[in-house]
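Coordinate analysis (summary)
Below are the chains, spelled out letter by letter.
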Amino acid sequence: MTNLKKVLALAALGLMLAWPFITGDYLTGLMTQILIFGLLALSADLLLGHAGLFSLCHASFFSVAAYTAAILQVRYQVPVEVSAICGVLSGTLLGLIFGLSVRTRGVYFILVTLAMGYVVWGIGYRWASFTGGDSGVTGVAAFSLFGFSFSSPKSYYFVVLFVVSALIAVYAHLTASPFGLALRGIKSSEPRMRSLGFNPAKHLYVAFVISSVMASIAGVLYVYFNKFVNPVSASLHVSVDSVLMAIVGGSGSLFGSFIGSAIVLWLRNWVSTFIELHLAVMGLVFIAVVLWAPGGLMGWVHKVTSKSSREMS
Amino acid sequence: MDSFILQTLNGISYSALLFLLASGFTLTFGLMRIVNMAHGAYYLFGGYVGLMVAKSTGSLALAMVSGGIASVIVGQIVDRLFIRRTGEDHLAQVLVTVGVAYIIGDVSLKTWGGDAQKLPLPLDLRGIWELPGGIIYPKFRVLLTLIGILTGIGLWFIYKRTQIGAAIRAGVDDREMVSATGIHVDRLFILISALASFLAGVSGVLGGAFLTVYPGAEWEILVFALVVVIVGGLGSLEGAMIGAVIVGLLDAYGRWLAPELSYFVLFGPMAILLLYRPRGLFGSVHIA
């Protein structure tokens, strides 16, 4: 890391720590959401940015984890800490099953994950006697740990900030490790990696499962923020949005997903204040980003800075 | 036993609808390697246009033609403005066409409202037929099955017996060679893409008469069509036929035996396929 980057990272961390104190509850809540969905985007980007797999089923892990945590706590009075862990485990279990999809590549992978994700949405929506159908599960308690309840938006913000920061550190480590290198090797040339003695299928499966664990953690964080969960959280929109966030911020980078999440969520909140057609506006954003800024914000910054440094030298 | 036969017939008529949608998707993919997620939105748009025409004229044939043509117009605009710019990048195609589907879906919601609407059928199609064995079956579903079968035969003829079909089949195996032999792939693509969106629009009108049209219908039917394509193999017409029958029947039995869990049945064939035949029943090894 260069000095400039270190300064920037420290400044960002300082801002994040001060955020609830310099803003109100509304903006603290928005920032909590940005962190949660940024984490979901980062999990999808482990596959997209590093392994080159475009998954459209990450809402499944997210929502299954959220539903499990909510149902255990609301209906069976399981303690919050235990239901949170069970939530992550059930999302991971689904990841172990859906990980079968790494047997396919390219378009097949996109279509298979989309269809699997839709099955999960359909079950959440139709199996009303268990999942609560359209209205979902309501009345989820605040997150608590050893008897301390994080019920205020401020305190829960710090829980989310802590978990997300820890996961970012793990993610940075993972993607810089030989495993991360192998994933990027598979992305650029699978046959070459195979001829070097790697087993791409195994690497991709492991990456898929790790990615599903991260998405599940995001889902559990979400359910204690939102206090309810309904089939919308399992919908294709959530999966597609998470990929869009990663691309808007810059796929393959560490903080791009969070920047993308901030841009997309802020844009949606802003647009929905004056126009009813906010889904159509999001559609336009999709098209504009893909056609004119495929590298995302980070890619654009990189292009501009590398151009200026070239001019300087 | 009677309900088994009835559910089988229901499944077959749903298969016919799925085939109309899936065949267009798979043929455009085979020829141009284009993944068009807006295909379901063409279904929705065609359905709504057909609904308006059917309400004002009372004619199902007119509704089908106008729904089909409306979808062709939208489809050509989307091709020209957006899909062509994505090149061969599937990620870009998927995101751009999902964006297009969002726009079409949201504008349709604003224009036609959020309630499920049923396309009115002409009087002589509303009745039922009594089949041997005392099974009662709606006439319209018989018509739908017939349209599906006739379209299948028509497409099969184009696919196997004409120059256009030969180019598509060649395109599935080696796209560069097709252009190298002097075939106008671009012009052919306009034709096939128009045919695909026409079929999507027509299926929207037909679907509107028994599944109703409503916001979100575009994704629901698209996912079923995609499972058809995954099971059958991308780019293969035979695959779309067999896949449609499998998915249509499984869906009918699923809804009958376990209505709350009927979506599970979609996962079954996909899981088996992923384990034993990741490219689908008729998938070409050349398609990545």
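Everything discussed here concerns the structure shown above.
An account of the accompanying structure is given in this report. (Residues numbered from 1 in each chain as written. Chains lettered and ligands numbered in written order. Predicted model: local features only at pLDDT ≥ 70, side-chain atom pairs only at ≥ 80, totals over all residues.)

A short note on the overall build of chain A
Broken down by element type, chain A carries 14 helices and two strands. A compact globule built from 313 residues would reach a C-alpha radius of gyration of about 20 Å, and chain A, at 20 Å, matches this within 12%. Taken over the C-alpha atoms alone, chain A extends approximately 60 × 50 × 40 Å along its principal axes. Considering chain A as a whole, with its 313 residues, one finds that 47% of them fall into the buried category. Considering only contacts in chain A between residues 6 or more positions apart, those separated by 24 or more positions represent 76%. (Helix = DSSP H or I, 4+ residues; strand = E, 2+ residues; numbered from the N terminus. Rg over C-alpha atoms; globule rule 2.2 N^0.38 Å. Buried ≥ 20, exposed ≤ 12 C-beta atoms within 10 Å, placed from the backbone. Contact = placed C-beta atoms within 7 Å.)

Some remarks on the environment of B:Pro138
Structurally, the position occupied by B:Pro138 is in strand S2 (residues 135-138). Along the sequence, B:Pro138 and B:Ser23 sit 115 residues apart, while their C-alpha atoms lie 25 Å from each other.

As for the pairing of strand S1 (residues 128-131) of chain B
The pairing of S1(B) with S2(B) spans four bridges and is classified as antiparallel. For B:Leu131, the partnering residue across the bridge sits in S2(B) and is B:Ile135. (Pairing = 2+ DSSP bridges.)

Remarks on the nonpolar core
If you look at the biggest cluster of nonpolar residues, it comprises 190 residues, and the most contacted ones within it are A:Ala115, B:Leu18, B:Ala225, B:Val227, B:Val228 and B:Ile230. Those residues in contact with B:Ile230 that sit more than four places away from it in its chain are A:Tyr108, A:Leu111, A:Val112, A:Ala115, B:Met270, B:Leu273 and B:Gly280. (Core = buried A, V, L, I, M, F, W, Y, C linked by C-beta atoms within 7 Å.)

A look at helix H6 (residues 139-161) of chain B
In this model H6(B) runs 33 Å from its N-terminal to its C-terminal C-alpha over 23 residues, within 8% of the 33 Å that 1.5 Å per residue would give. Those residues of H6(B) that sit buried are B:Phe140, B:Arg141, B:Leu144, B:Gly148 and B:Leu155. (Expected span 1.5 Å × (residues − 1).)

Let's talk about unusual backbone geometry
Residues other than glycine seldom take positive phi values, yet A:Gln77 does so here, at roughly 50°. On the secondary structure map, A:Gln77 appears in the loop between helix H3 (58-76) and helix H4 (80-98). Phi at B:Thr212 takes a positive value of approximately 65°, unusual for a residue other than glycine. Tracing the backbone through its elements, the reader meets B:Thr212 in the loop between helix H9 (185-210) and helix H10 (217-232).

Some words on the interface of chain B and chain A
Between chain B and chain A, the residue contacts involve 38 residues of the former and 38 residues of the latter. When residues of the side of chain B that touches chain A are traced back to their parent elements, those giving at least two are helix H4 (90-112), H10 and helix H12 (264-276) of chain B. When residues of the side of chain B that touches chain A are assigned to their parent elements, the largest contribution, 15 residues, is made by H4(B). Taken together, the residues that form the side of chain B that touches chain A break down as 30 nonpolar, four polar and four charged. (Nonpolar A, V, L, I, M, F, W, Y, C, P; charged D, E, K, R; others polar.)

Describing the packing of helix H11 (residues 236-249) of chain A against helix H12 (residues 256-271) of chain A
Residues and elements named next belong to chain A. Interhelical geometry of H11 versus H12 gives an angle of 110° and a closest axis separation of 7 Å. Taken together, the axes of H11 and H12 lie roughly perpendicular to each other. For the pair H11 and H12, the crossing hand works out as right-handed. Touching Asp 241, Leu 244, Met 245, Ala 246, Ile 247, Val 248 and Gly 249 of H11 are Gly 256, Ser 257, Phe 258, Ile 259, Gly 260, Ser 261, Ile 263 and Val 264, all from H12. Its residues assigned to classes, the contact of H11 with H12 shows nine nonpolar, five polar and one charged. (Axes fitted to C-alpha atoms, helices over the stretch in contact; angles between N-to-C directions. Parallel < 35°, antiparallel > 145°, perpendicular 65-115°, else oblique. Left-handed = near helix turned anticlockwise from the far one by under 90°.)

Here we look at the packing of H4(A) against helix H10 (residues 200-226) of chain A
Packed helices, taken two at a time, are described by the angle between their axes plus the distance between the axes. All names here are of chain A. Across the interface, H4 lies against H10 with an axial gap of 8 Å and an inter-helix angle of 145°. In this structure, H4 meets H10 at a crossing whose hand is right-handed. Side by side, H4 and H10 meet where Ala 84, Gly 87, Val 88, Gly 91, Thr 92, Leu 94, Gly 95 and Leu 96 of the first sit next to Phe 208, Val 209, Ser 212, Val 213, Ala 215, Ser 216, Ile 217, Gly 219 and Val 220 of the second. Residue classes in the contact of H4 with H10 are distributed as ten nonpolar, seven polar and no charged.

Brief notes about the environment of B:Arg279
With respect to the helices and strands, B:Arg279 occurs in the segment after H12. Between the C-alpha atom of B:Arg279 and that of B:Gly233, which follows or precedes it by 46 residues, the distance is 5.8 Å.

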